[in-house]
Number of protein chains: 2
Amino acid sequence: CITGDPREVRDVRFPTSLGQHGSDAMHSDPDYSAAYVVLDTDCGLKGFGLTFTLGKGTEIVVCAVKALARLVVGKSLQEIVSNFRGFYRLLTSDGQMRWLGPEKGVIHLATAAVLNAVWDLWARAEGKPLWKLLVDMDPKRIVSCIDFRYITDVLTEDEALDILVKAQEEDQMLKEGYPAYTTSCAWLGYPDQQLKQLCTDALKSGWTKFKVKVGADLEDDVRRCRLIRQMIGPNNTLMIDANQRWDVDEAISWVSKLAEVKPLWIEEPTSPDDILGHATIAKALAPLGIGVATGEQCHNRVMFKQLLQASALQFVQIDSCRLGSVNENLAVLLMAHKFQVPVCPHAGGVGLCELVQHLILFDYICVSANLSNRMCEYVDHLHEHFANPVVIQDAHYMPPKDPGYSCEMLESSVKRHQFPEGDVWKLHQNK
Amino acid sequence: CITGDPREVRDVRFPTSLGQHGSDAMHSDPDYSAAYVVLDTDCGLKGFGLTFTLGKGTEIVVCAVKALARLVVGKSLQEIVSNFRGFYRLLTSDGQMRWLGPEKGVIHLATAAVLNAVWDLWARAEGKPLWKLLVDMDPKRIVSCIDFRYITDVLTEDEALDILVKAQEEDQMLKEGYPAYTTSCAWLGYPDQQLKQLCTDALKSGWTKFKVKVGADLEDDVRRCRLIRQMIGPNNTLMIDANQRWDVDEAISWVSKLAEVKPLWIEEPTSPDDILGHATIAKALAPLGIGVATGEQCHNRVMFKQLLQASALQFVQIDSCRLGSVNENLAVLLMAHKFQVPVCPHAGGVGLCELVQHLILFDYICVSANLSNRMCEYVDHLHEHFANPVVIQDAHYMPPKDPGYSCEMLESSVKRHQFPEGDVWKLHQNK
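About the cut-offs
- Within every chain, residues take consecutive numbers counted from 1 along the sequence as written.
- Following the order in which they are written, the chains are lettered starting with A and the ligands numbered starting with 1.
- Reporting in this predicted model follows two pLDDT cut-offs: at least 70 for local features of residues, and 80 or more for side-chain atom pairs to be given and counted; totals over whole chains, interfaces and linings ignore these cut-offs and use all residues.
- Calculation of side-chain values draws on the structure's entire complement of heavy atoms; hydrogens and water are dropped beforehand.
- Secondary structure elements are taken from DSSP: a helix is a run of H or I of four residues or more, a strand is a run of E of two residues or more, and numbering for both begins at the N terminus.
- What the globule rule says is 2.2 Å times the number of residues to the power 0.38, and the radius of gyration is computed from C-alpha atoms.
- Relative accessibility under 20% of the residue-type maximum defines a buried residue, over 50% an exposed one, and the middle range a partly exposed one, all with a 1.4 Å probe and only protein chains included.
- Whether two residues are in contact is decided by their heavy atoms, any of which lying within 4.5 Å being enough.
- Computed with the Shrake-Rupley method and a 1.4 Å probe, the accessible areas treat only the protein chains shown as cover for residues.
- Positive charge is attributed to Lys and Arg, negative charge to Asp and Glu, and no charge count is given to His or to the chain ends.
- Charge positions are represented by NZ for Lys, CZ for Arg, CG for Asp and CD for Glu.
- The pairing criterion for strands is at least two bridges between them, as found by DSSP.
- Between N-to-C directions, angles cover 0 to 180 degrees, with each direction set by a line fitted to C-alpha atoms, over the stretch in contact for helices.
- Put simply, a salt bridge is a Lys or Arg side-chain nitrogen that is within 4 Å of an Asp or Glu carboxyl oxygen.
- What sets the superposition is a least-squares fit of C-alpha atoms, and only residues with pLDDT of at least 70 in both copies go into it.
- UniProt positions are given in the numbering used here, feature names are shortened, and annotations may be inferred rather than shown by experiment.
- We define the nonpolar core as a collection of buried residues of types Ala, Val, Leu, Ile, Met, Phe, Trp, Tyr and Cys that are connected through side-chain atoms lying within 4.5 Å of one another.
- Here the angle decides the label: under 35 degrees means roughly parallel, over 145 means roughly antiparallel, 65 to 115 means roughly perpendicular, and every other value means oblique.
- In this scheme the crossing of two helices becomes right-handed for a clockwise turn of the near helix relative to the far one and left-handed for an anticlockwise turn of less than a right angle.
- Under the convention adopted here, Pro, Cys and the residues Ala, Val, Leu, Ile, Met, Phe, Trp and Tyr are nonpolar, Asp, Glu, Lys and Arg are charged, and Gly plus all remaining residues are polar.

1. Section: the overall build of chain A
Moving on, step 1. Counting its secondary structure elements, chain A contains 17 helices and twelve strands.
Moving on, step 2. For 431 residues, the compact-globule estimate of 2.2 N^0.38 gives 22 Å, and the C-alpha radius of gyration of chain A, at 21 Å, lies within 12% of that figure.
Moving on, step 3. Its C-alpha atoms give chain A principal-axis dimensions of roughly 60 × 60 × 45 Å.
Moving on, step 4. In chain A, which comprises 431 residues, the proportion classed as buried is 65%.
Moving on, step 5. Partitioning the contacts of chain A with sequence separation of at least 6, the portion at a separation of at least 24 is 75%.
Moving on, step 6. Total accessible area on chain A stands at roughly 13800 Å², and carbon and sulfur atoms take up 49% of it.
Moving on, step 7. Across chain A, the mean location of the 43 positive side-chain charges is 0 Å away from that of the 55 negative side-chain charges.

2. Details of the sheet that holds strand β2 (residues 33-40) of chain B
Residues and elements named next belong to chain B.
Moving on, step 1. Across the sheet, which stays open at both edges, the three strands sit in the order β1-β2-β3 with antiparallel pairing between neighbours. Edge positions in the sheet fall to β1 (9-13) and β3 (46-53), since each has one partner strand and no second. Each strand axis lies, on average, 25° off the axis of its neighbour in the sheet, ignoring direction.
Moving on, step 2. Summarising the sheet, β2 and β3 pair through eight bridges and their orientation is antiparallel. Within β3, the position partnered with L39 by the bridge is G47.
Moving on, step 3. Helix α1 (residues 58-69) contacts β1, β2 and β3 of the sheet and is inclined by roughly 160° relative to β1.
Moving on, step 4. Sheet contacts for helix α4 (residues 105-126): β2 and β3; angle to β3, the most-contacted strand, approximately 150°.

3. Remarks on unusual backbone geometry
Moving on, step 1. Note that the residue after F419 of chain A, namely P420 of chain A, is joined by a cis bond; omega there is 0°.
Moving on, step 2. You can see P420 of chain A is positioned in the loop between α16 (411-417) and α17 (423-430).
Moving on, step 3. With an omega of -15°, the peptide bond between G101 of chain B and P102 of chain B qualifies as cis.
Moving on, step 4. Within the secondary structure layout, P102 of chain B lies in the loop between α3 (84-92) and α4.
Moving on, step 5. Residue N373 of chain A is not a glycine yet carries a positive backbone phi of 55°.

4. Side note on the pairing of β2 of chain B
All names here are of chain B.
Moving on, step 1. Counting buried residues along β2, seven of its eight residues qualify, which places the element largely inside the surrounding structure.
Moving on, step 2. Examined bridge by bridge, β1 and β2 share five bridges and lie antiparallel to one another. Along β2, the bridge assignment pairs V9 with V37.
Moving on, step 3. In textbook terms, the turn of a hairpin is the stretch between consecutive antiparallel strands, and for β2 and β3 this stretch comprises five residues, one of which, G44, has a positive phi near 95°.

5. Some remarks on the pattern of salt bridges
Moving on, step 1. Under the defined criterion, the tally for this structure stands at 58 salt bridges over all chains.
Moving on, step 2. Residue K56 of chain B is joined to D94 of chain A by a salt bridge in which the shortest nitrogen-to-oxygen separation is 3.1 Å. Of this pair, K56 of chain B sits in the loop between β3 and α1 while D94 of chain A sits in the loop between α3 (84-92) and α4 (105-125), each in a different chain.
Moving on, step 3. Given a relative accessible area of 29%, K56 of chain B falls into the partly exposed group.
Moving on, step 4. With its nearest N and O atoms 2.3 Å apart, the salt bridge here joins R223 of chain B to D220 of chain B. Remark: D220 of chain B and R223 of chain B occur in helix α10 (residues 218-232); sequence separation between them is three residues, near one turn of the helix.
Moving on, step 5. Salt bridges linked by common partners bring R89, E103, D147, R301 and E328 of chain A together as one network.

6. As for the relation of the copies chain A and chain B
Moving on, step 1. In screw terms, the move from chain A to chain B is a rotation of 180° and a rise of 0.0 Å along the axis, fitting with an RMSD of 0.0 Å. As the rotation angle and translation indicate, the two copies are arranged about a two-fold axis. Measuring from the rotation axis to each C-alpha of chain A, the shortest distance belongs to G105 of chain A, at 2.4 Å.
Moving on, step 2. A shared interface surface links the copies, since 100% of the contact residues of chain A are contact residues in chain B too.

7. So, the UniProt feature "domain: Mandelate racemase/muconate lactonizing enzyme C-terminal" (unreviewed entry) in chain A
Moving on, step 1. The sites that UniProt annotates as "domain: Mandelate racemase/muconate lactonizing enzyme C-terminal" (unreviewed entry) are residues 192-288 of chain A.
Moving on, step 2. As a span, residues 192-288 of chain A carries 49% helix and 13% strand, and end to end its C-alpha atoms are 27 Å apart.

8. A word on the nonpolar core
Moving on, step 1. Ranked by internal contacts, the top residues of the largest apolar core, which has 300 residues, are W119 of chain A together with W119 of chain B.
Moving on, step 2. In contact with W119 of chain B, not counting residues within four places along its chain, are F84, L130, L133, L134, M137, C145, S325, V326, N327 and Y405 of chain B.
Moving on, step 3. Judged by nonpolar contacts, the second largest core, of eight residues, contains L264, W265, F315 and C344 of chain A.

9. Topic: the packing of helix α9 (residues 192-204) of chain A against helix α10 (residues 218-232) of chain A
All names here are of chain A.
Moving on, step 1. At a closest axis distance of 10 Å, the pairing of α9 and α10 adopts a crossing angle of 25°. One finds that α9 runs roughly parallel with respect to α10. The two elements α9 and α10 meet at a crossing, and its hand is right-handed. Contacts between α9 and α10 involve D192, L195, K196, C199, T200 and L203 on the former and, on the latter, R223, R224, L227, I228, M231 and I232.
Moving on, step 2. Counted by class, the contact of α9 with α10 contains seven nonpolar, one polar and four charged residues.

What follows is the structure, given as structure tokens:
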């Protein structure tokens, strides 16, 4: 079963900026997009992978995926997964291309797209959803997928093996699902009337945890947060998200002024690179009962390692497309467990919900066995473009049952949204 | 003087891997390359800029430069430099493209290429070499080029202004030049006979400071380092460079075994992202008299800020193409001064010597006024392809006199080395 030539890497963009969906303090007009790759094999099986982007510049990631694809062509799935750590290292440490990262930015987003497709292919070949592939896998095999380079001072292979005893039966997840929170109600660009309507609807559908975008204007934040808190009542959970808008001191003073609405966490208060800054902020906000959450732009396991070492975050927000796919996310899940910090994955965008649900199910069943302060982000956009969209019941992610990693897009959707030649974009240009 | 359309971004590669030039423990076969951009203007003036790469993947950076170039087209030089901070922010914080970084990896390398061209254009418009443009500039104007976002907890505008008093007359630099060290003698792939010959030649030419690549094999490192120390004698300076080969604990034990050759510093002992790891290594090696140097892959000012805050490095190795051009390097020079850590720029590659000499001259004349433990890297390759190549006299960089930022390449060199269509690569493919 030899993997074929993945030349066909596509630039798929959705004009979400038209409705201010996804708008926040740093990204005022995102067009949710993806670099989408299909791995063909000579036995008919396909692997689907993607990485999430915000519109402009997706062509750069597509270019990077093509460059990395050269390292996949001609290899069999067996060859790759029998030494998955070695294959991960091959992609991330090519002697010429690692200069472009290493393991960060465009080249790492591209690595995620390629490896997501490989994991999808593997799960399909085994006839299982990815979470189940992982849950059934021998711990030694799981550990052999992880590149421990640069993290052995915090997590060794032996420690990883010790953590990976099956922690929990999967029945509970199959029955109840994994708890979710919603970000769909309170994007920064939404007018108040829309916020209210969306909150009302969400409460009716059983949602109990809500995230609000903040950071553009303090007065406006106070008003919006009070409004949401009033809508959801004192017993539901509120989180706030600044998307890196502030410097360190500014973050502390701004968030202190929002303490009255009792947010569980402040997400991305400052630069995603500022480990020491996050630590300072976390320390200052702890007396107010507000934790720090970050991770959607935390670019690799070395950064997560330090955020944990420095007690710089109280909620680990892994991302299925920013990190080097399942391989690197496994390392972060295990490190988070060692430091006993809950994992609350980033989702939304294009396909992030579809992907990351697999990782958090594995985390619960094989690593954490804990739901306290744990929940997975959910955003109610663009699921209709996927072959196996997420299933949410009563504000819980229900475990997917179809084989694979759930990121196959409908061919009709891909065609319509390809940039710039798809019908949607042709229309957009003609307006 | 409106800047024209910089569509012409070129992928220029030199087949340096053939001679093992540039080989180290993580990059065994680099083909020194550049994404090279020329900004045209309607008044005939041109700005030349580049960012350095290692071969494969340069096409990705070229793609990113083209994407950023859209933000330059149609602007006048005056418009850009009169609000240079704003223009820097425009390039690095585009609401859609910042997702691809932010300020790291491919997109930041591309930012460097574009901004290097803008600075070159500015210096040419003023008829001065870039270092002199900076030295003559009003401190307020200099500070207005810096984006202080995410660093105000360590350096404010007022503090920057206080630092920027003219520290030293430039006569000394014009007469003696800025001290350099050489990396050309001891690439990892060079056989012993070649090491010896190159050391002998370098000593004759007045070199007193030598860097050796290490990290692939401990026994081999001991042998090679002893050989070099023997060649250069006890009073000359030896530095060692591992190019990120080790984990934290491994770095400490490996370098301890090389302490006998009395290296001034160990460069890049581990992941460039591991601030806390560098701090642990620095603390462990301090009793042996060995400092930690890093920076050539330190991706932005936020990372340098933390390396300084954590006492994780004793030598700041700024890079003219990894950071966001002069703008971001100014921030790092000022922060390094505040922490009283010497700056020893990274150079070599393609054009890095040509570029960075301007920054270190400015640092001496306007910031540090200090040469203790300070020196600029020099590598004796590829200078012949530049219109105004560096001038080294008695192991010192002599201040450039031609207007601009010295990174204009000879058109004949560019044509021959363009990938894949240049003659050099056509020949290479036919072999």
